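Descriptive structure summary
Take a look at the letters that make up each chain.
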Amino acid sequence: MPRSPNSSMQPSNFHSHCTFCDGHSDPEDFIGAALSQRFRAYGFSSHSPLPFETAWNMSASDMPAYLHEIARLKEKYKGQIEIYAGLEIDYLDETCNASIPYFRSLPLDYRIGAIHFLPWRLPLEEDNMSCIDGRYESFAEAVAKHYGGDIRLITKHYFESSMRMVEAGGFDIVGHPDKIYMNGSLYPGFDLSADWYCKPFAAFLDLIAEKELTVEVNTKNLHRKNQIYPHINMFRELRRRNIPVIVNSDCHFTALVNDGRTEALALLKDAGFRTTRELAGGEWTDIPVE
């Protein structure tokens, strides 16, 4: 159970990417940016290693160096800022997800579960994946090639994989839970209000509530694309289910460590949220929304 807060606290961010994956600066540069904005806490969540190499993900061979560097920064900046070591771990299938022994054995402070790839055949190789993130042209090509041009089918696959991810477990935070709409909303026939979208999303939220997980409110594209994940329409559904939320910027650039946080907190407050969940002193803590 999270401990109760004793005071309001400074900004934090627990979803960030540095040069160990597809981020654009070294970890220490991100800490410098966080300190310049008087952050209380900062967490690194590099994209986890996969069974195949990508331009996004860490290589497994770099994991010791990644963990060593975060440990070094924790010691160097002790008393100035809380620093946490995390990973954003892709769910691919039952053989590759946050619950497998490799990820469970890592000395991490937290784990984010997320979906970027939908396997459409074995083996688990990049050529056998439909990527729901990244360029719209690649997404549209995948829908046409592997889902018969039916946006409903890839959306169905996305939420089925999301449900399996939550059932498998091994993580603390559900990362950008409806990222499918980033590119999906540009595809003909996509409809956020349709039953074929809303019903599986509602079932997904019900399962998240049952498993007592935290949902990330991801502000990465709030300014760039006027999108927030989950979509603002779902904020009250989260609140109705008493699902705790954490606000993260999913930054890849040091200038964006706090991007969109103020706006997201205002939207959450309007939806009835009075706290967000964060790590404080190494424990999950409910922090008042100011």
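1. Things to note about the overall build of the chain
The helix and strand tally for the chain stands at nine helices and eleven strands. Here the C-alpha radius of gyration of the chain, 18 Å, is about what a compact globule of 290 residues would show, namely 19 Å. Buried positions account for 56% of the 290 residues belonging to the chain. Nonlocal contacts in the chain, meaning residues at least 24 apart in sequence, comprise 73% of its contacts between residues at least 6 apart. Accessible surface computed for the chain: about 12500 Å², of which carbon and sulfur atoms make up 49%. Taking the 29 positively charged and 40 negatively charged side chains of the chain as two groups, their mean positions are separated by 5 Å.

2. Things to note about helix α1 (residues 27-36)
Among all positions in α1, only Pro-27, Phe-30, Ile-31, Ala-33 and Ala-34 are buried. Relative to the axis of α1, the buried residues are bounded by an arc of 160° and lie together on one face. Within two residues after α1, Arg-38 carries a phi angle of roughly 60°, on the positive side.

3. Here's the deal with the packing of α1 against helix α2 (residues 63-76)
Interhelical geometry of α1 versus α2 gives an angle of 35° and a closest axis separation of 10 Å. For α1 against α2, the interelement crossing comes out right-handed. Residues Pro-27, Glu-28 and Ile-31 of α1 pack against Glu-69, Ile-70, Arg-72, Leu-73 and Lys-76 of α2. Partitioned by chemical class, the residues of the contact of α1 with α2 number four nonpolar, no polar and four charged.

4. Examining the packing of helix α5 (residues 151-168) against helix α7 (residues 195-211)
Packing of α5 against α7 leaves a shortest axis separation of 10 Å and a crossing angle of 5°. In terms of orientation, α5 and α7 fall into the roughly parallel class. Across the interface between the two elements, Ile-151, Arg-152, Thr-155, Phe-159, Ser-162, Met-163, Val-166 and Glu-167 from α5 touch Trp-196, Tyr-197, Pro-200, Phe-201, Ala-203, Phe-204, Leu-207, Ile-208 and Lys-211 from α7.

5. Some points on the packing of aromatic side chains
Taken as a whole and judged by the stated rule, the model has 20 aromatic pairs. An angle of 25° between the planes, with centres 6.5 Å apart, marks the rings of Phe-30 and Tyr-42 as stacked. Of this pair, Phe-30 sits in helix α1 while Tyr-42 is found in strand β2 (residues 41-47), placing the two residues twelve residues apart along the sequence. Across this residue pair, the class does not change: Phe-30 and Tyr-42 are buried. Members of the aromatic cluster, joined through ring pairs, are Tyr-158, Phe-159, Phe-190, Trp-196, Tyr-197, Phe-201 and Phe-204. In this arrangement the basic side chain of Arg-239 is found over the ring face of Phe-273, its NZ or CZ atom lying 5.8 Å from the centre.

6. A closer look at the pattern of salt bridges
Overall, the coordinates contain 18 salt bridges when judged by the stated rule. Between Glu-160 and Lys-156 there is a salt bridge whose closest N-O contact spans 2.6 Å. Highlighted residues: Glu-160 and Lys-156, both in helix α5, separated by four residues, approximately one helical turn. Lys-199 is the salt-bridge partner of Asp-195, the closest N and O atoms lying 4.0 Å from each other. In this pair, Asp-195 and Lys-199 both sit in helix α7, four residues apart, roughly one turn of the helix. You'll find Asp-195 and Lys-199 in the same group, each marked exposed. Via salt bridges that share partners, Glu-28, Glu-69, Arg-72 and Lys-76 belong to a single interconnected network.

7. With respect to unusual backbone geometry
Going from Leu-122 to Pro-123, the amide bond is cis rather than trans, its omega being 0°. A cis amide bond links Tyr-229 with the next residue in sequence, Pro-230, at an omega value of 5°. Here Pro-230 is to be found in the loop between β8 (214-218) and α8 (235-240). One non-glycine residue, Asn-226, lies in the positive phi region at around 60°. Within the secondary structure layout, Asn-226 lies in the loop between β8 and α8. Residue classification places Asn-226 among the exposed positions, given a relative accessible area of 67%.

What counts, and at which threshold
- Residues numbered from 1 in each chain as written.
- Predicted model: local features only at pLDDT ≥ 70, side-chain atom pairs only at ≥ 80, totals over all residues.
- Heavy atoms only, no water.
- Helix = DSSP H or I, 4+ residues; strand = E, 2+ residues; numbered from the N terminus.
- Rg over C-alpha atoms; globule rule 2.2 N^0.38 Å.
- Buried < 20%, exposed > 50% of the residue type's maximum accessible area, 1.4 Å probe, protein only.
- Contact = heavy atoms within 4.5 Å.
- Areas by Shrake-Rupley, 256 points an atom, 1.4 Å probe, with all protein chains shown as cover.
- Lys, Arg positive; Asp, Glu negative; His and termini not counted.
- Charge placed at Lys NZ, Arg CZ, Asp CG, Glu CD.
- Arc of directions from axis to C-beta.
- Axes fitted to C-alpha atoms, helices over the stretch in contact; angles between N-to-C directions.
- Left-handed = near helix turned anticlockwise from the far one by under 90°.
- Nonpolar A, V, L, I, M, F, W, Y, C, P; charged D, E, K, R; others polar.
- Parallel < 35°, antiparallel > 145°, perpendicular 65-115°, else oblique.
- Phe/Tyr/Trp six-rings, centres within 6.5 Å; stacked < 30°, edge-to-face > 60°.
- Lys NZ or Arg CZ within 6 Å of the ring centre and 35° of its normal.
- Salt bridge = Lys/Arg side-chain N within 4 Å of Asp/Glu carboxyl O.

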